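Fold and geometry: a report
Residues per chain are reported as follows:
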Amino acid sequence: MKNVIKRVPVPLCGVMLGMAALGNLLQSYSEGIRVLCGAVAALLLILVLLKLIMFPGMIKEDMKNPIMASVSGTFSMALMLLSVYVKPFIGMAAFYIWILAIILHVILIVYFTVKFILKLEMPKVFASYYIVYVGIAVAAITAPAYEQFGVGTVAFWFGLITLVALLVLVTIRYIKCKEVPNPAKPLICIYAAPTSLCLSGYIQSVTPKSKTMVLTLFVVATVLYIFALVKAIGYLKLPFFPSYAAFTFPFVISAIASKQTIACLMNMGSPIPILQYWVLIETIIATMFVIYVLIRFLVDIFGSKTNK
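These figures come from a predicted structure and were not determined experimentally.

What counts and how
The numbers attached to residues start from 1 for each chain and follow its sequence in the written order. The predicted nature of this model means local features are confined to residues of pLDDT at least 70 and side-chain atom pairs, given and counted, to a pLDDT of 80 or more, with totals for whole chains, interfaces and linings taken over all residues. Each side-chain value is worked out from all heavy atoms of the structure, with water and hydrogens disregarded. We define a salt bridge as a side-chain nitrogen of Lys or Arg found within 4 Å of a carboxyl oxygen belonging to Asp or Glu. Each residue's exposure class comes from its accessible area (1.4 Å probe, protein chains only) as a fraction of the maximum for that residue type: buried when under 20%, exposed when over 50%, partly exposed otherwise. A pair of cysteine sulfur atoms is labelled a disulfide when the two atoms are within 2.5 Å. What counts as an axis is a line fitted to C-alpha atoms, over the stretch in contact for a helix, and the angles between N-to-C directions run from 0 to 180 degrees. Helical segments are the DSSP runs of H or I of at least four residues, strand segments are the runs of E of at least two, and each set is numbered from the N terminus. By definition in this entry, angles of less than 35 degrees are roughly parallel, angles greater than 145 are roughly antiparallel, angles of 65 to 115 are roughly perpendicular, and the rest are oblique. The sense of a crossing depends on the near helix, which, turned anticlockwise from the far helix by less than a right angle, makes the crossing left-handed and, turned clockwise, makes it right-handed. Pairs of residues are marked as contacts when any of their non-hydrogen atoms sit within 4.5 Å. Within this scheme, the nonpolar core is defined by two criteria: the residues are buried Ala, Val, Leu, Ile, Met, Phe, Trp, Tyr or Cys, and they are joined through side-chain atoms within 4.5 Å. Ring geometry is summarised as follows: Phe, Tyr and Trp rings, the Trp one being its six-membered ring, pair when their centres sit within 6.5 Å, and such pairs are stacked at plane angles under 30 degrees, edge-to-face over 60 and tilted between the two. Charges are assigned to positions over rings by a cutoff of 6 Å between ring centre and Lys NZ or Arg CZ, combined with an angular limit of 35 degrees from the ring normal.

The subject of this paragraph is the pattern of salt bridges. Counting across every chain of the model gives 4 salt bridges. For Lys-64, the salt bridge is made with Glu-61, and the minimal N-O distance between the two is 3.5 Å. Assessed through its relative accessible area of 46%, Lys-64 is described here as partly exposed. A relative accessible area of 48% means that Glu-61 is categorised as partly exposed. We note a salt bridge from Lys-124 to Glu-121, for which the minimum N-O separation is 3.7 Å. Residue class for Lys-124 comes out partly exposed when judged on its relative accessible area of 40%. When its relative accessible area of 42% is taken as the criterion, Glu-121 is described as partly exposed.

Given below as structure tokens:
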């Protein structure tokens, strides 16, 4: 068992996040599916916590790597989502878990800024940087569960401002430094996440809402989603790398944001019925990606190689 835990990679947090978000996406189809997704995400959380407890040195070493350090932000993001899952069972304790997750994410933002941004090296910039800064927008998505709309609004605006800055920085990096090692190539699919994350956070926490803002974020999110999807399909040919986690949450949050956009525009008196077909397509793609990547991770962690 010790060897199994040792093989748990930090990017498994991304799969945990994707699974928790998938439960929310599929909730309208079945509450049972949401519970199942939440349970799987909780089991992945246990694996990550065991790694942290049993091999803290490995985690500490990972945090010196900008990719691993940035991807670690999916841990606190997942914790925010999972706190809402357990809220009906543990009451106020869930709120404290939510606050803890936000604090952890803020600490990561400070650490990452000092460690990597202030000593910026362009070849070491990847799309995973979005996770660190725009990832805090998950607080905006989950804030209504705790009636903390003020916190949600602040989280949204921070996410949006850093999204604009990072879109410039990260895009320049990929244009100027075309060489990307194979293990890091799937990370570019994270492009699908930040705009959708901000859109979802805006719809959930910010009032009053602007139809122009909703539509602008939706159009940008859709363009980036298509870009990421094309990249993902191409990179599925690569051997398995932990960066496969980038095929999960970005596509799930895109579907969630599109779904919320339909409801939001309907409430504003400007329904776009055809969007429901787009949401269905996004939902099917997201579900397939999450299940596929989860299986690949479990095979890698629990596979025969652990017995060698």
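Take the state of the cysteines next. Overall, the coordinates contain 0 disulfides when judged by the stated rule. Of all cysteine sulfurs in the structure, the one in Cys-198 sits closest to Cys-264, which takes part in no disulfide; the separation is 15 Å. A residue is classified by how much of its surface remains accessible, and Cys-264, at 6% relative accessible area, is buried.

Before going further, it helps to examine the packing of helix α12 (residues 211-235) against helix α14 (residues 275-302). Orientation of α12 relative to α14, taken along the N-to-C sense of each, is 40 degrees, at an axis distance of 13 Å. The angle between the axes of α12 and α14 places the two elements in the oblique class. At the point where α12 passes α14, the crossing takes the left-handed sense. Counting all contacts with α12, which are made through Phe-218, Thr-222, Tyr-225, Ile-226, Leu-229 and Ala-232, the residues of α14 involved are Leu-275, Trp-278, Glu-282, Ile-285 and Phe-289.

A few words on the nonpolar core. When a protein is soluble and globular, its nonpolar side chains tend to lie buried together. Leu-12, Met-16, Tyr-130, Phe-156, Leu-197 and Phe-251 are the most contacted members of the largest nonpolar core, which totals 119 residues. Here this core takes 11 residues from helix α2 (residues 12-26), the largest share from any one element. Non-local contacts of Phe-251, meaning those with residues more than four positions away in its chain, are made with Cys-189, Tyr-225, Ala-228, Leu-229, Ala-232, Ala-246, Ala-286 and Phe-289.

For the coordinates displayed, the defined rule picks out 21 aromatic pairs. Relative to Trp-278, the ring of Tyr-225 has its centre 5.6 Å away and its plane inclined at 80 degrees; by these criteria the two rings are edge-to-face. A residue pair is termed long-range when its members are at least 10 positions apart, and Tyr-225 in helix α12 and Trp-278 in helix α14 qualify at 53 residues. With a relative accessible area of 23%, Trp-278 lands in the partly exposed category. Chaining the aromatic ring pairs together yields one cluster made of Tyr-225, Phe-240, Tyr-244, Phe-247, Phe-251, Trp-278, Phe-289, Tyr-292 and Phe-297. We note Arg-34 situated over the ring of Tyr-85; from NZ or CZ to the ring centre the distance is 4.1 Å. Over the aromatic face of Phe-126 sits the side chain of Arg-173, whose NZ or CZ is 4.8 Å from the ring centroid.

This paragraph deals with unusual backbone geometry. Geometrically, the link from Thr-207 to Pro-208 is a cis peptide bond, its omega value of -10 degrees lying close to zero. Residue position: Pro-208 is located in the loop between α11 (193-205) and α12. Its identity is not glycine, yet Glu-147 carries a phi of approximately 55 degrees, on the positive side. In this fold, Glu-147 is placed in the loop between α9 (138-142) and α10 (149-176). Residue Glu-147 is classed as exposed on the basis of its relative accessible area, which comes to 65%.

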